[in-house]
Amino acid sequence: MVNNKIQAAEENLIHVYNRFPVVLDHGEGMYLYDTDGREYLDFAAGFAVTGLGYDNKELNEALKDQIDKLYHTSNLYYHENCGKAARELNRICGMDRVFFTNSGGEAVEGALKSARRYAYTKGTGRYEFIAMEHSFHGRTFGAVSVTGHDSYREPFEPLVPGVRFAKFNDLDSVKNLVNDKTCAIILEPLQGEGGINLATQEFMEGIRKICDENGILMICDEVQCGMGRTGTMFAWQGFGVKPDILTMAKAIGNGIPVGAFAMTEEVAGNSLKPGDHGATYGGNPLACTAVKKVIEIFEREDIVGHVNQVSPYLTRKLDELVDRLGCVAERRGKGLMQGLKITKPVAEVNRRCVQEGLLVIQAEGNVIRFVPPLIVEEKHIDEMIGKLKRVLTE
């Protein structure tokens, strides 16, 4: 029966995803259920999207109410939810102006365009970007151009010109690439796809100093590591190093497709002008309802506080696996965005985890990635560790 359902789902699609043989039907809290009723503990959260977990009744009702009113209108007109969502998002992310997109990739595109437009307005003649090795910023042309993985870039070359790659957490390698054409430096404070690599305090502060001394904009991509996942609402806040432009998506809508890029007043006043950029569905009433309600729930339920309460337990349990299992070499990450570097084939481990009723995802460098819904509790961590141990000790 499942094979027939999978075949029906696949036969009219372009095959670009290596999917697991699971047909999901519904979710509740930390768990997903397939069409045969089998339960899966989710430590992937749809690639760090469903921070509030599945079937949050309050969010569901807010979205249903908005659907009955209005869920799309042209951006030539105002609607209340867009302004309210923008105000709340700017408040929690520490920026001044925001533009709503449909995805993280679009948010990165907007950030790159804003940086070049800022240089154009200022008359500097700058257009080059410095990005990081092992970074991931999306799959559109601009986003993949600043992604530090050859496998993502090579099939689509030539890409956007003027991109140079520095070594992550190596300030000298960044300094060696800076020139009078550099308009921005883009980085993830915590790399996800690249292997769960956390920036050092020195590196973040050093990037900020390089940008300030050379008239360069600092772009932080927090599409995955933002919205509470590292123990502050956005990861840059944990370092105390504010970027000029910030990208976000995923968890800000808890699964409703929405992204955004935000910026300081200085950048906003000297970059994009009417007609420079747009998004037909960006900032639509339904997406903005999701953003507004997600922020409300995050703050009322103190989701960030919960992350800081439960994440040390996850860290401890993962460290125990490093100490006790020969195939587990290293733990990486911060908060509820962590990874284990293993010596077994990670794709096979992920496949076996699915069979055990556990959903995890992989990252570069043979790393298992753990990005559960932020409502995870210690009992869920214990359940995950038990399932993972069985897989790793086979």
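This structure is a prediction, so every number in the text was calculated from the model and none was measured.

Undergrad: For this particular structure, what's the right way to read the nonpolar core?
TA: As a rule of thumb, soluble globular proteins bury nonpolar side chains together. With 84 residues, the main nonpolar core has Phe43, Met132, Ile207, Met227, Met384 and Leu388 as its most contacted residues. In terms of residue count, the dominant contributor to this core is helix H12 (residues 285-300) (nine residues). Excluding residues within four positions of it along the chain, Phe43 makes contact with Met30, Leu358, Leu359, Val360, Arg369, Phe370, Val371, Pro372, Val376, His380, Ile381 and Met384. Among the nonpolar cores identified, the runner-up in size contains 21 residues, and Ala119, Val146, Val267 and Ala268 belong to it.

Undergrad: Explanation requested: the packing of helix H3 (residues 57-67) against H12 in the structure shown.
TA: The relative placement of two packed helices is expressed as an angle between their axes plus a distance between the axes. Packing of H3 against H12 leaves a shortest axis separation of 9 Å and a crossing angle of 155°. Judged by the inter-axis angle, H3 sits roughly antiparallel to H12. In the crossing of H3 with H12, the sense of the turn from one axis to the other is right-handed. Every residue of H12 that contacts H3 at Glu58, Leu59, Ala62, Leu63, Gln66 and Ile67 is listed here: Pro285, Leu286, Thr289, Ala290, Lys293, Val294, Glu296, Ile297 and Arg300. Per-class residue counts for the contact of H3 with H12 are nine nonpolar, two polar and four charged.

Undergrad: Teacher, can you tell me more about the pairing of strand S1 (residues 24-28) here?
TA: For a regular strand, the rule is simple: side chains alternate between the two faces of the sheet. Across four bridges, S1 lies against strand S2 (residues 31-34) in antiparallel orientation. What sits directly across from Gly27, in S2, is Leu32.

Undergrad: So what exactly am I meant to see when it comes to the packing of helix H14 (residues 346-355) against helix H15 (residues 378-392) here?
TA: Remark: H14 packs on H15, axes separated minimally by 9 Å, with the N-to-C direction vectors making an angle of 125°. Between H14 and H15, the crossing angle belongs to the class labelled oblique. At the point where H14 passes H15, the crossing takes the right-handed sense. Along its contact with H14, which presents Val349, Arg352 and Cys353, the element H15 presents Leu388, Val391 and Leu392. Among the residues forming the contact of H14 with H15, the class breakdown is five nonpolar, no polar and one charged.

About the criteria used
Residues numbered from 1 in each chain as written. Predicted model: local features only at pLDDT ≥ 70, side-chain atom pairs only at ≥ 80, totals over all residues. Heavy atoms only, no water. Core = buried A, V, L, I, M, F, W, Y, C linked by side-chain atoms within 4.5 Å. Buried < 20%, exposed > 50% of the residue type's maximum accessible area, 1.4 Å probe, protein only. Helix = DSSP H or I, 4+ residues; strand = E, 2+ residues; numbered from the N terminus. Contact = heavy atoms within 4.5 Å. Axes fitted to C-alpha atoms, helices over the stretch in contact; angles between N-to-C directions. Parallel < 35°, antiparallel > 145°, perpendicular 65-115°, else oblique. Left-handed = near helix turned anticlockwise from the far one by under 90°. Nonpolar A, V, L, I, M, F, W, Y, C, P; charged D, E, K, R; others polar. Pairing = 2+ DSSP bridges.

Interpretation note: all reported values are geometric properties and have no functional meaning in isolation.
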